[in-house]
Structures are given as C-alpha cells and as structure tokens.
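The chain contents come next:
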Amino acid sequence: MKEKVFVGIDVGSLSTESVVLDGEGKMVGFSIVRTGANSTDAANASLDQALTAAHVSRENIQALIATGYGRISIPFADRKVTEISCHAYGACHLFPNIGTVIDMGGQDSKVIYVGKGGKVLDFNMNDKCAAGTGRFLEVMADRLQVSLDDMGPLSLEAGGEVQISSVCTVFAESEVVSLVAQNHPKDEVIRGLHKAIVNRVWSMVRSIGVHGEVAMTGGVAKNSGVVRMMREKLGKPILVHEEPQIVGALGAALLALKDF
C-alpha cells in the first residue's frame, strides 16, 4: 500500500508554496516558486517540486487543500480555504501560544487575532494598496539596484535613516529616485522604507490589538530589518519560522490532514 500524504498549496500573487505532510503530520517536502502569469501552472509546478522532495507522486495524495488569492485556479483541490484561516492554523501549529499573526505577503498584509486551536477571532487586511508588502520592497530594491535579500542586512547596518513621507508605491518610488539623486546613502534610504511600511502595518496591529505571542509570516518576514523594527515597535519578541513563506500552505496541509 502506497504511503498517503496530505498537501496544502498557497497560491499568492508573487509566489506559490506547497507543503506535503505524511499521515502523522510531519512535513516531508515543500517548495516555493514564482507565481508568474498563470496561477494553475504555478500550482502544478510547486506541487510537483514538493512531491519530488517528499519522494512521492500525485497518486499518494489523500487530500489537497488550496488557499491564497489564486486558490480558485486549482481545479484539482479537494477544498479551498481562505489564506487568513490557513495562516492562523499554520502559525498555531508552529507556535502553540500564538495570539497574533502579522502576515506580510506579496500584495497584501494582514493582522490576525488567533484563538485556541488556530481559530480566527478577528483580522484586519490591507489588500487595496501594495504599501507594506513584498511588492513594495521589490519595486524599491529594483530602483535602488540592490538585491531584495540584501535589504534587511543593509537596513541593520545603517547609521541613520531617511524619512519616507509616502507609503504609496508610486509616490515612494519617485521619492527614492530623488533621494538617490541627492546622494543619500542607500542603507539609510532602505531603513526609511522599512520604517514606513512598519508604521503602515502597525496601524493595523493597533486596530486588532496584540494578543499572546506574536508571529510574522509571509515573504517579508525574511527581511531582518523589518522584523527588528516591528519587534521594537511591539516591545516584545516576534516568532518567525525558518521558512515563513510556507506557513499558509502548511496550514492548508494540516487542514487536509484534519479532514481525514
């Protein structure tokens, strides 16, 4: 009898993640790919990569749950669940005492009040503007001609910060161009950008309140500069999984396992 596995796929605007669990809930494979122009193709590519990492095939899948904004584009999913529920469930599995999840993804950011067992008690979401998201940082990294991965370390090394007056991606980009032309150090500009997006997300945190332990999920949680600024703003530790981008997909996989 072939081993049965349980899969979660999180199709985001910039990246798509898949997580494969065995029957005991142990993660045996995962993948992260760029979403690109076709959500279905991205889901298939991510799934195949994760299954290869787990050394199983599609025939082994017992249940598959899709989440993320592109979940409607996955026809082979057994069920589709909102990313808010999946991030809450995944974060609660990783950090049992979690009460607040700050998810900063590619095109939106969310603050989730999480109750016992990963139940969503309340949330606030910014999905109308790229401010405070991975896309905002991608645009700024491109304009500053630095690697997205280098933005966090550069921010931490900055001796000061340049104030960014706008969190609108279009206006902030023009502002950054002007600051570079004035020979402001890039690391100080980056630190200013990080402060601007942290302040933006902080307003969402205040509206929900801080409950229990706090975790950050999503691609922006890989940015050490943003995480440190948010920690200083909160005045308490922030929990970050070693691969924060897969928390939503993990939550979906756990829900698939729970279904059976």
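Quick note: structure is the one above.
This write-up is about the structure you can find in this document. (Residues numbered from 1 in each chain as written. Predicted model: local features only at pLDDT ≥ 70, side-chain atom pairs only at ≥ 80, totals over all residues. Heavy atoms only, no water.)

Before going further, it helps to examine the pattern of salt bridges. Pairing between side chains of opposite charge can happen when the charged atoms of each approach one another. Applying the stated criterion across every chain yields a total of 11 salt bridges. E173 is paired through a salt bridge with R143; the nearest N and O atoms lie 3.0 Å apart. Placement of E173 in helix α5 (residues 169-181) and of R143 in helix α3 (residues 134-144) is noted, with a sequence separation of 30 residues between them. Measuring nitrogen to oxygen at the nearest pair gives 3.3 Å for the salt bridge that ties E161 to R191. Here the residue E161 occupies a position in the loop between α4 (151-157) and α5, and R191 occupies one in helix α6 (residues 186-208), the gap between them amounting to 30 residues. Assessed through its relative accessible area of 22%, R191 is described here as partly exposed. Salt bridges sharing partners connect three or more residues here, namely R34, R135 and E138. (Salt bridge = Lys/Arg side-chain N within 4 Å of Asp/Glu carboxyl O. Helix = DSSP H or I, 4+ residues; strand = E, 2+ residues; numbered from the N terminus. Buried < 20%, exposed > 50% of the residue type's maximum accessible area, 1.4 Å probe, protein only.)

Turning next to the nonpolar core. Core analysis: the largest hydrophobic core is formed by 37 residues, its most contacted members being I102, M104, M140, L193, M216, M230 and L234. Those elements that provide at least two residues to this core are β6 (98-104), α3, α5, α6, β9 (213-217) and α7 (224-234). Excluding anything up to four places from it in sequence, M230 contacts I102, V198, V201, M216 and I238. Core analysis: the second largest hydrophobic core is formed by 17 residues, V19, A63, I246 and A256 among them. (Core = buried A, V, L, I, M, F, W, Y, C linked by side-chain atoms within 4.5 Å. Contact = heavy atoms within 4.5 Å.)

With that settled, consider the sheet that holds strand β2 (residues 15-21). Taken together, the five strands give an open sheet; going across it, the order is β3-β2-β1-β4-β5, and neighbouring strands pair in mixed fashion. Looking at which strands have only one partner, the edges of the open sheet turn out to be β3 (27-34) and β5 (79-80). (Pairing = 2+ DSSP bridges.)

A few words on the pairing of strand β7 (residues 109-114). When you tally the buried positions in β7, you get five out of six residues, the bulk of the element. In terms of strand pairing, β6 meets β7 through five bridges, oriented antiparallel. Along β7, the bridge assignment pairs I102 with V111. Between the antiparallel neighbours β6 and β7 lie four residues. Here β7 runs beside strand β8 (residues 120-126); their pairing, made up of six bridges, is antiparallel.

The next thing to look at is the sheet that holds β8. Taking strand neighbours across the sheet as the criterion, the five strands line up as β8-β7-β6-β9-β10 in an open arrangement whose pairing is mixed. Looking at the sheet topology across the chains shown, the edges are occupied by β8 and β10 (238-239).

Moving on: the packing of α6 against α7. Across the interface, α6 lies against α7 with an axial gap of 9 Å and an inter-helix angle of 45°. One way to sum up the angle between α6 and α7 is to call them oblique. Like other packed secondary-structure pairs, α6 and α7 cross with a definite hand, here right-handed. Within the contact between the two elements, α6 uses R191, H194, K195, I197, V198, N199, V201, W202 and V205 and α7 uses G225, V226, M229, M230, K233 and L234. Counted by class, the contact of α6 with α7 contains nine nonpolar, three polar and three charged residues. (Axes fitted to C-alpha atoms, helices over the stretch in contact; angles between N-to-C directions. Parallel < 35°, antiparallel > 145°, perpendicular 65-115°, else oblique. Left-handed = near helix turned anticlockwise from the far one by under 90°. Nonpolar A, V, L, I, M, F, W, Y, C, P; charged D, E, K, R; others polar.)

As paired strands, β2 and β3 are joined by seven bridges and run antiparallel to one another. Across the sheet, the residue bridging to V19 is F30, located in β3. Connecting β2 to the antiparallel partner β3 that follows it, the hairpin turn spans five residues, and G25 within it adopts a positive phi of roughly 85°.

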